[in-house]
Structures are given as C-alpha cells and as structure tokens.
Amino acid sequence: MARSDRRAPPVSGFIESDVEAMLVAPFFFGQISVRKTSKSFVLCHRDDEAHDQLEMFRNAGGAIEIARYDDDGNYRPLKTAPNLRHGWRMELGTMEELKRALDNFYPGRLAVFVAWQSGQLRTTPLRETLDRQSGMYRIAAKISDAQIDDLMADFCRSNGGCLRTILWKRDQSGAIASTKLPKEKFDPTWDQVQAAYGSGSFAFAKATADTATPATVPLLCQEACNLLVAACRKVVKAE
C-alpha cells in the first residue's frame, strides 16, 4: 500500500465554537449543499436542491452508503472525485451529526479545512512524499517533472478528476505542482465544482460579503494521496 497521507488533526482537537463558526449554513462542501431549517440541517446534492422526490436519510452514517457508489453503481475509490451520486436528502438534528456526515462524505477534509483556517495545516511537497515510499512504490520517485505535469493534468483536474484544491508544491524549491493545471486549481477561494464546468468563481471569499450566495468550504489537499502515488508508480513502470 502506498504511504502518502499524513492524517489531518481530528476536528475534536480544535475549539468546538471555532469549528461551528466556520460551518454557518447555507454553504457548499464539495458537491453537497447544506442548509439550515428551524429544526435541522438539510443536506443534498447541489444539483438536487430544487428536487422533491429524493431518498431520505436521517443519520450521519447514511453518508457512507451515499458516497460509496456513483450514479451508475460504480465504486468510488476517490471520495473527492466529482461523481457523488444524486437522488438523496439528509436531515440531521445537531451540529455534531453534521460534522460526522461531512467527514463520512469527504473523509478528513473538514479537519484539514479547520487546520488551514487556524494556520496549523502542514503541507508536504510531492517529491518528499514520493521519496519516503518503500517496497513496490519506491520506484514512483523516479518520475520526471514532465511526467508529473502530464499525469496531474489528467488525474487531478477538477473536471472528471478530483475536487480538492492543491496546496502542496512539487518539491522543496516551491515549484508549482503542475504547470498544466489552471491556477484556480491551487486557489482555495475558487469553487472547484463550478470550475469543473468552466464557471468557477471566488465563492468562498465572496460569501463573506454577499450573504445571498452560499459560502463554499473548499476541499483542501495538503499532500499527494495514495492514488496519485500509485499513478506515479504506474507511469514509471510503463517506461
């Protein structure tokens, strides 16, 4: 198994009031819309906000089931891929349940966001991640810069790849992770869901000044994931 992800600090490790202050509904979290009624938090796919005939879930554990497969029934190995299935609605009574559900939909991303907001997030350059691989994945470190550019342009793109905003650099010199990805892919203020369809906006920043527009809580990437490490190995092996 590729060793690449250092676990983000647990949300419980931060002051709860600070976490809750960052999750003021309405907001978007990846492909999820979160809104607040007088009695509950209401979650659904962003595309389904105007739909009524949706499968109902009333506990945070349902998010695991929803996130497991896409609309065609295919398993989703990367939970931040832009293929979260449609057709569901979730009603949760407490903030604690909301946080659990968001973590089930996008494991670790809420903790990473909180750490980033509090200035405690550490990022790891790709070369460092690859250099610490062992066993069958050690060869991944031999990937060239040109190969990294080509691989990430497809693997990490928001449209069909991954909705995370990349915060890490390519190496210790601070080189950009990929020269073939748009600059918005590295900017946490951009809504990667909208960017995937060519209509990205500064949704997170804008929401602080325009309460009519739901904030977008970004899915942040502090380090190359296991799947990208495996893809790097595959590229090198192919040569």
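Calculation criteria
Residue indices begin from 1 for each chain and proceed along its sequence in written order. The model is predicted, so local features are restricted to residues of pLDDT at least 70 and side-chain atom pairs to those at 80 or more, both for listing and for counting; the totals for chains, interfaces and linings are taken over all residues. Heavy atoms throughout the structure, all of them, feed into the side-chain values; hydrogens and water do not. A run of H or I in DSSP becomes a helix once it reaches four residues, and a run of E becomes a strand once it reaches two; helices and strands are each numbered from the N terminus. For each residue, the accessible area found with a 1.4 Å probe, counting protein chains only, is set against the maximum for its type, and the residue is called buried under 20%, exposed over 50%, and partly exposed in between. The criterion used for residue contact is that any of the two residues' heavy atoms lie within 4.5 Å. Shrake-Rupley sampling with a 1.4 Å probe provides the accessible areas, and residues are treated as covered by the protein chains on show and by no other component. Interaxial angle, 0 to 180 degrees, is taken between N-to-C directions of lines fitted to C-alpha atoms, where a helix line uses only the stretch in contact. Oblique is the label for any angle not under 35 degrees, not over 145, and not in the 65 to 115 range, which are roughly parallel, roughly antiparallel and roughly perpendicular in turn. Each crossing is labelled by how the near helix is turned from the far one, with a counterclockwise turn of less than a right angle marking it left-handed and a clockwise turn marking it right-handed. In the scheme used here, Gly and all other residues not listed as nonpolar or charged are polar, with Ala, Val, Leu, Ile, Met, Phe, Trp, Tyr, Cys and Pro taken as nonpolar and Asp, Glu, Lys and Arg as charged. Under the rule applied, a polar contact is a pair of N or O atoms within 3.5 Å (in protein, one hydrogen donor and one hydrogen acceptor; residues adjacent in sequence only if both atoms are side-chain atoms). Geometry of aromatic contacts follows a simple scheme: Phe, Tyr and Trp rings, the Trp one being its six-membered ring, pair when their centres are within 6.5 Å, and the pair is stacked under 30 degrees between planes, edge-to-face over 60, tilted otherwise. Two limits define a charge over a ring: the Lys NZ or Arg CZ must be within 6 Å of the ring centre, and within 35 degrees of the ring normal. We call a set of buried residues a nonpolar core when its members are Ala, Val, Leu, Ile, Met, Phe, Trp, Tyr or Cys and they connect through side-chain atoms within 4.5 Å of each other. In short, DSSP must find at least two bridges between two strands for them to pair.

## A closer look at the overall build of the chain
Counting its regular elements, the chain contains nine helices and eight strands. Taken over 239 residues, the chain has a buried fraction of 47%. For the chain, long-range pairs separated by at least 24 residues make up 69% of all intrachain contacts whose partners lie at least 6 apart in sequence. Of the roughly 11,800 Å² that the chain leaves accessible, carbon and sulfur atoms contribute 51%.

## What to know about the packing of helix α6 (residues 145-155) against helix α9 (residues 226-238)
Where α6 meets α9, the closest approach of the two axes is 11 Å, and the angle between their N-to-C directions is 130°. As the angle between them shows, α6 and α9 are arranged oblique. Crossing hand, α6 versus α9: right-handed. From α6, Q147, L151, M152 and F155 reach across to α9, where they touch L227, L228, A231, C232 and V235. Residue composition of the contact of α6 with α9, grouped by class: eight nonpolar, one polar and no charged.

## Some points on the environment of D187
Secondary-structure assignment places D187 in the loop between β6 (165-166) and α7 (192-195). Assessed through its relative accessible area of 22%, D187 is described here as partly exposed. It is 8.0 Å that separates the C-alpha atoms of D187 and L167, two residues lying 20 residues apart in sequence. Of the polar contacts made by the side chain of D187, one reaches the side chain of T189; its length is 2.7 Å.

## Focus on the packing of aromatic side chains
The final tally for this structure, using the stated rule, is four aromatic pairs. Ring geometry for F29 versus Y106: centroids 5.6 Å apart, planes at 80°, classification edge-to-face. Of this pair, F29 sits in strand β1 (residues 27-29) while Y106 sits in the loop between α3 (95-105) and α4 (109-117); the two residues are 77 residues apart in sequence, bridging distant segments of the chain. The same class applies to F29 as to Y106, namely buried. Where Y69 meets Y75, the ring centres are 6.3 Å apart and the plane angle is 70°; that geometry is what we call edge-to-face. On the basis of relative accessible area, Y69 is assigned to the partly exposed category, the value being 38%. Residue classification places Y75 among the exposed residues on the basis of a relative accessible area of 52%. Across from the ring centre of Y137, 5.8 Å away, lies the NZ or CZ of R233, which sits over that ring.

## Looking at the nonpolar core
Grouped together as the largest cluster of nonpolar side chains are 35 residues, with contacts concentrated most on F27, L43, W88, M90 and F105. Only β1, β2 (32-36), β3 (41-45), α2 (62-68), β5 (88-92), α3, α4 and β7 (215-217) provide two or more residues apiece to this core. Sequence-distant contacts of W88, defined by excluding residues within four places in its chain, comprise I32, L43, C44, H45, D48, L54, E55, F57, I66 and F105. Ranked by size, the runner-up nonpolar core spans 22 residues in total, among them L126, I166, V229 and C232.

## Describing unusual backbone geometry
The omega torsion of the bond from A25 to P26 falls at 5°, within 30 degrees of zero and hence cis. Residue position: P26 is located in the loop between α1 (16-22) and β1.

## A look at the pairing of β2
In terms of strand pairing, β1 meets β2 through three bridges, oriented antiparallel. By the bridge assignment for β2, F27 is matched with V34. As consecutive antiparallel partners, β1 and β2 are separated by two residues, and within that stretch G30 has a phi angle of approximately 60°, a positive value. Direction of pairing for β2 relative to β3: antiparallel, over a ladder of five bridges. Along β3, the bridge assignment pairs R35 with V42. Adjacent in sequence and paired antiparallel, β2 and β3 are bridged by four residues.

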